[in-house]
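# Structure at a glance
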Amino acid sequence: MSVAETGAPPLLASRAARTRRPSTLTVLRWELRKLISQKRTYLGLTLAALFPLIFVVVENLHQHNGRGGGLSIFAGEITQSGLATPVLTLEFLSAFMLPLIASLVAGDIVAAEDGNGTLKTILTRSVDRGQVFAAKTLAAMLYGALAVYVSAAVATIGGVASWGFHPVRTLSGTVVSAPKALLLVFAANAMYLIPLLAVIAFGLLLSTATRNSTASVVGAIGFVILLYILAAVPGLEGWQPYLLTEQFANWHGLLRTPTDWAPILHSLWVCALYGVPCLIAGYLVLLRRDVAGG
């Protein structure tokens, strides 16, 4: 009997197709579908959009033209150009609200699988633990980036609708055109993602290690608050440049002419010192996780 008559090759091909390991991109799509179906996802995005909207409404009701140093320059510019609005809202949200929003997902994305007893099911879908952790990490980071840019988009649209698409004054006192100012807004939010991704990495570590969503979210935000407290302790001034929370303002360098790249480059390696070990530790915890019980 010939091979063609037995049909063995097609059978083997069918089995190989069934056992072929999905790509990490496929696992990422699974994770993104989960995020889309969860209320927690929309809660964070709603918060990210709500504050800029409230800010624009309040400023429309109580406009002012005060001048001053630092980012108060943009407060004085707010009624002159709508592009000052996303700069101010990023300043206000960057310290606490955006880390909180990002932690809502980062602290839940692994722990929820433990709580629902679904981690074992995931690991039996012909995917390895490295793929699962990579997909969950990318999903949490994409969510954090989405929250940042949702906030920026609402602030920009609201600001431009209220005060127009006009040139704006930078921290150096120079005036930049409206298109360039819009590009700076986009870049400033991108630079802010550097420390935010480190916060997400810490939240992922807690989510993997504690197996408790609430503890992970609270722990990630508590870590941020602790760093703020340390920054205010007398005698620890020398440590301030190396605290993660000090990197939340790294994007200020983009608002100077010429661009001050020093705080951004400093933020890159300082945030890496926080984020990379957290990701490695989180992966090792998941790698050694006993899921035989469910």
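Presented here is an overview of the structure given in this document. (Residues numbered from 1 in each chain as written. Predicted model: local features only at pLDDT ≥ 70, side-chain atom pairs only at ≥ 80, totals over all residues. Heavy atoms only, no water.)

A few words on the packing of helix α7 (residues 97-106) against helix α11 (residues 178-210). Contact geometry of α7 with α11 gives a least axis separation of 9 Å together with a crossing angle of 35°. For the element pair α7 and α11, the recorded crossing hand is right-handed. For the pair α7 and α11, contact is made by L98, P99, A102, S103 and A106 and by Y192, L196, V199, I200, G203, L204 and S207, respectively. (Axes fitted to C-alpha atoms, helices over the stretch in contact; angles between N-to-C directions. Helix = DSSP H or I, 4+ residues; strand = E, 2+ residues; numbered from the N terminus. Left-handed = near helix turned anticlockwise from the far one by under 90°. Contact = heavy atoms within 4.5 Å.)

Here the idea is simple: oppositely charged side chains can pair when their charged atoms come close. Summed over the entire model, instances satisfying the criterion amount to five salt bridges. With a shortest N-O distance of 3.4 Å, K34 and E31 are connected by a salt bridge. In this pair, K34 and E31 both sit in helix α3 (residues 24-36), three residues apart, roughly one turn of the helix. By relative accessible area, which is 3% here, E31 ends up buried. Notably, a salt bridge pairs K136 with E31, separated by 3.0 Å at the nearest N-O pair. Placement of K136 in helix α10 (residues 129-163) and of E31 in helix α3 is noted, with a sequence separation of 105 residues between them. Beyond isolated ion pairs, a larger network of salt bridges with shared partners links E31, K34, E113 and K136. (Salt bridge = Lys/Arg side-chain N within 4 Å of Asp/Glu carboxyl O. Buried < 20%, exposed > 50% of the residue type's maximum accessible area, 1.4 Å probe, protein only.)

Any two aromatic rings considered together are summarised by their centre-to-centre distance and by the angle between their planes. Summed over the entire model, instances satisfying the criterion amount to eight aromatic pairs. Centroid distance Y192 to F248: 5.9 Å. Interplanar angle 55°. Geometry classified as tilted. With Y192 in helix α11 and F248 in the loop between α12 (213-232) and α13 (262-287), this residue pair connects regions lying 56 residues apart in the sequence. Neither Y192 nor F248 differs from the other in exposure class; each is buried. Taking the centre distance of 4.3 Å and the plane angle of 25° together, the rings of F202 and F223 count as stacked. Of the two residues, F202 is situated in helix α11 and F223 in helix α12; the sequence distance between them amounts to 21 residues. Here the aromatic residues F51, F55 and F92 are joined through ring pairs into a cluster of three or more. (Phe/Tyr/Trp six-rings, centres within 6.5 Å; stacked < 30°, edge-to-face > 60°.)

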